[in-house]
Amino acid sequence: MKAADERNMELAAENGEERNVFQTEQPEEKGGRAAEGDSGEDSEGESDDLDMYVKFSKPYVFEDDTYEGLDMSCLENLTTDDLTEIEKKFYKQGIASFNPENTAVYAKIVAWKATGLPIEFFNQLPVRDMLKIKSRVVNFFYS
């Protein structure tokens, strides 16, 4: 639940109803969010941190909360025991793959474990945003 503690909360009123808006900000001392098409000419450590933020294509509402993106830097906190749990959960799905870490299902399970958000959060995400998360997970494992 560490990632949940790091989220900045704002209140947004929509149709007279208050709900939480979650957006994880990039560290200001590292220059904030990188612009699309950024060449990544920063030092190696800085560009790695900036790449871990996944901005959703549009605000995503889940259980009366609105999310504008996810900070996937929580992947750094995963342990070998977590990886074992992730793999068990993946194979219980009945999926056979030579490269499970390259599948959206595997990425969804990894994101669930790393962020502490419910699996239903990822099940209902628009496909474009889930593929962005998948890309971050795969890049994390292979970098």
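The structure contained in this document is the topic of the report that follows. Because the structure is a prediction, the values reported are computed rather than measured.

## Overview of the nonpolar core
Among the nonpolar cores identified, the biggest contains 26 residues, and F56, M72, F121, F122 and I133 are the most heavily contacted of them. Only β3 (53-62), β4 (65-71), α3 (80-92), α4 (104-115), α5 (119-123) and α6 (127-142) provide two or more residues apiece to this core. In terms of residue count, the dominant contributor to this core is α4 (six residues). Ignoring any residue separated from it by four or fewer positions in sequence, one finds I133 in contact with V54, F56, L70, M72, A111, F122 and L125.

## Overview of the environment of I109
Looking at the secondary structure, you find I109 in helix α4. A sequence separation of 19 residues divides I109 from F90, and the C-alpha atoms of the two residues are 7.2 Å apart. Sequence-distant contacts of I109, defined by excluding residues within four places in its chain, comprise I86, K89, F90 and I119.

## Let's talk about unusual backbone geometry
In this model, E63 sits at a positive phi of 50°, which is unusual for a non-glycine residue. Secondary-structure assignment places E63 in the loop between β3 and β4. With a phi close to 65°, D64 is a non-glycine residue in the positive phi region. By secondary structure assignment, the location of D64 is in the loop between β3 and β4.

## Focus: the packing of aromatic side chains
The geometry of an aromatic ring pair comes down to the distance between the two centres and the angle between the two planes. By the definition in use, this model includes eleven aromatic pairs. Aromatic rings pair up to connect F56, Y60, F62, Y67, F121 and F122 into one cluster.

How each quantity is defined
Residues numbered from 1 in each chain as written. Predicted model: local features only at pLDDT ≥ 70, side-chain atom pairs only at ≥ 80, totals over all residues. Heavy atoms only, no water. Core = buried A, V, L, I, M, F, W, Y, C linked by side-chain atoms within 4.5 Å. Buried < 20%, exposed > 50% of the residue type's maximum accessible area, 1.4 Å probe, protein only. Helix = DSSP H or I, 4+ residues; strand = E, 2+ residues; numbered from the N terminus. Contact = heavy atoms within 4.5 Å. Phe/Tyr/Trp six-rings, centres within 6.5 Å; stacked < 30°, edge-to-face > 60°.

Fair warning: the whole summary comes from geometry, so function is off the table for now.
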